[in-house]
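A look at the structure
Below, each chain spelled out in residue letters.
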Amino acid sequence: MHLDWIDGAVLGALGLLIGSFLNVVIYRLPIMLEAQWADECAQLSGASEDPPAETAAPPFNLLAPRSRCSHCGHQLAWWENVPVLSFVFLGGKCSECKTAYGWRYPAVEVATGLAFFYCGWRWGLSGAAIAWCGFSAALLALALIDWDTTLLPDDVTLPLVWAGLVVAALGVHPETSLSTAFWGAVAGYLSLWLVYWGFKLLTGKEGMGFGDFKLFAALGAWFGWPALIPIILISSVIGAVVGLSMKFTSGLREGGYVPFGPFLAGAGFFSLFFGPDALLRWLGQ
């Protein structure tokens, strides 16, 4: 077996484990943020009081409590948490109440494993591979959180921006210099910020959230400013295809709103796998 495939397999196996953790992040992080915002609002209004120790809520974070069935509360044993294999072995159902878990859990694990495999296959066991694995994990989490909640948490977007700049500064990804990464982040943020305010002044409505600015800035930091136009074009094409298909199948949520973050993330993955200029090349530009 060629060494590239071995490196890919090693990181792919790691990706399956990371994908299992991403399922936790995707579900719990929005709940944690909403609880934090509610607590901050209560403190500002003076309505917050520290509960007695004996009535304090149990910890809820990315590590506690342990994973359990959302239907019956059954706490999963270690062998029920093995990525993909446990899902197959259990038939996709809780071992206690037999409620179906749904296909997203193994899909996230497999998608993360494939992205990590690609990074290992392309860059070997190197700093570049590890960097792009982290990029892939963050991007997948952001896409699904935004799809579920229309939130793009600063806890993920802002570190992703800084990570792109640090990777460029360290020369881990030589195709993107610090200068192109810096101006990519600046131009990515300002471009959508201007679109947001232009749309709001013309219509009185908000066409996107501030998280979209930060995610586009992150993509600019990772791929450099020359990639911004191809990325926004790709995301628009993906968004149009998905939006139209949802409209014709009556799959649009109330208000007809579709978050833009998942399409930006899709453009990010497209750029990772094929290069940001691939769509232009395919169109003969």
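Structure first, text after, so check above.
Residues numbered from 1 in each chain as written. Predicted model: local features only at pLDDT ≥ 70, side-chain atom pairs only at ≥ 80, totals over all residues. Heavy atoms only, no water.

1. Quick notes on the nonpolar core
Applied cut-off: Put simply, buried Ala, Val, Leu, Ile, Met, Phe, Trp, Tyr and Cys residues joined by side-chain atoms within 4.5 Å make one nonpolar core. For every residue, the accessible area obtained with a 1.4 Å probe (protein chains only) is divided by the maximum for its type, and the residue is called buried under 20%, exposed over 50%, and partly exposed between those limits. Put simply, DSSP marks the helices as runs of H or I at least four residues long and the strands as runs of E at least two long, and each gets a number from the N terminus on. Here a residue-residue contact requires only that any non-hydrogen atoms of the pair lie within 4.5 Å.
Counting 58 residues, the largest nonpolar core has Phe135, Leu139, Leu160, Leu219, Trp222 and Phe223 as the members making the most contacts within it. Where this core is concerned, the elements lending two or more residues are helix H1 (3–45), helix H3 (104–123), helix H4 (127–149), helix H5 (154–170), helix H6 (178–203), helix H7 (210–223), helix H8 (228–248) and helix H9 (261–274). Here this core takes 14 residues from H4, the largest share from any one element. Contacts of leucine 139, omitting those with residues within four sequence positions, involve Leu160, Leu215, Leu219, Ala265, Gly268 and Phe269.

2. Description of the environment of leucine 160
Summarising the element assignment, leucine 160 is placed in helix H5. For the pair formed by leucine 160 and cysteine 97, sequence separation is 63 residues and the distance between their alpha carbons is 39 Å. With residues up to four places along the chain from it excluded, the contact list for leucine 160 reads Phe135, Ala138, Leu139, Leu142, Leu215, Ala218 and Trp222.

3. Side note on H4
Threshold: Expected span of a helix, by definition, is 1.5 Å for each gap between consecutive residues, and there is one gap fewer than residues.
Here H4 spans 33 Å end to end across 23 residues, near enough to the 33 Å set by a 1.5 Å rise per residue. Positive phi appears at threonine 150, one or two residues downstream of H4, with a value of about 60°.

4. As for the packing of H4 against H7
Helices that pack against each other are described as a pair by the angle of their axes relative to one another and the distance between those axes. Selection criterion: Note on definitions: angles span 0 to 180 degrees between N-to-C directions of axes, and those axes are lines fitted to C-alpha atoms, for helices only across the stretch in contact. Angle categories: roughly parallel below 35 degrees, roughly antiparallel above 145, roughly perpendicular from 65 to 115, and oblique for all the rest. Rotating anticlockwise by less than a right angle from the far helix to the near helix defines a left-handed crossing, while the corresponding clockwise rotation defines a right-handed one. Only Asp, Glu, Lys and Arg are considered charged in this grouping, and only Ala, Val, Leu, Ile, Met, Phe, Trp, Tyr, Cys and Pro are considered nonpolar; every other residue, Gly among them, is considered polar.
Running from N to C, H4 and H7 cross one another at 160°; their axes reach a closest spacing of 12 Å. Classed by the angle they form, the pair H4 and H7 counts as roughly antiparallel. When you trace H4 past H7, the crossing you get is left-handed. Touching Ala131, Trp132, Phe135, Leu139, Leu142 and Asp146 of H4 are Asp212, Leu215, Leu219, Trp222 and Phe223, all from H7. Partitioned by chemical class, the residues of the contact of H4 with H7 number nine nonpolar, no polar and two charged.

5. Looking at the state of the cysteines
Basically, it comes down to this: Two cysteine sulfurs form what is called a disulfide whenever their separation falls within 2.5 Å.
According to the stated counting rule, one finds zero disulfides in the structure shown. This cysteine, cysteine 133, is not joined by any disulfide, and cysteine 119 carries the nearest cysteine sulfur, 4.1 Å off. With a relative accessible area of 3%, cysteine 133 lands in the buried category.

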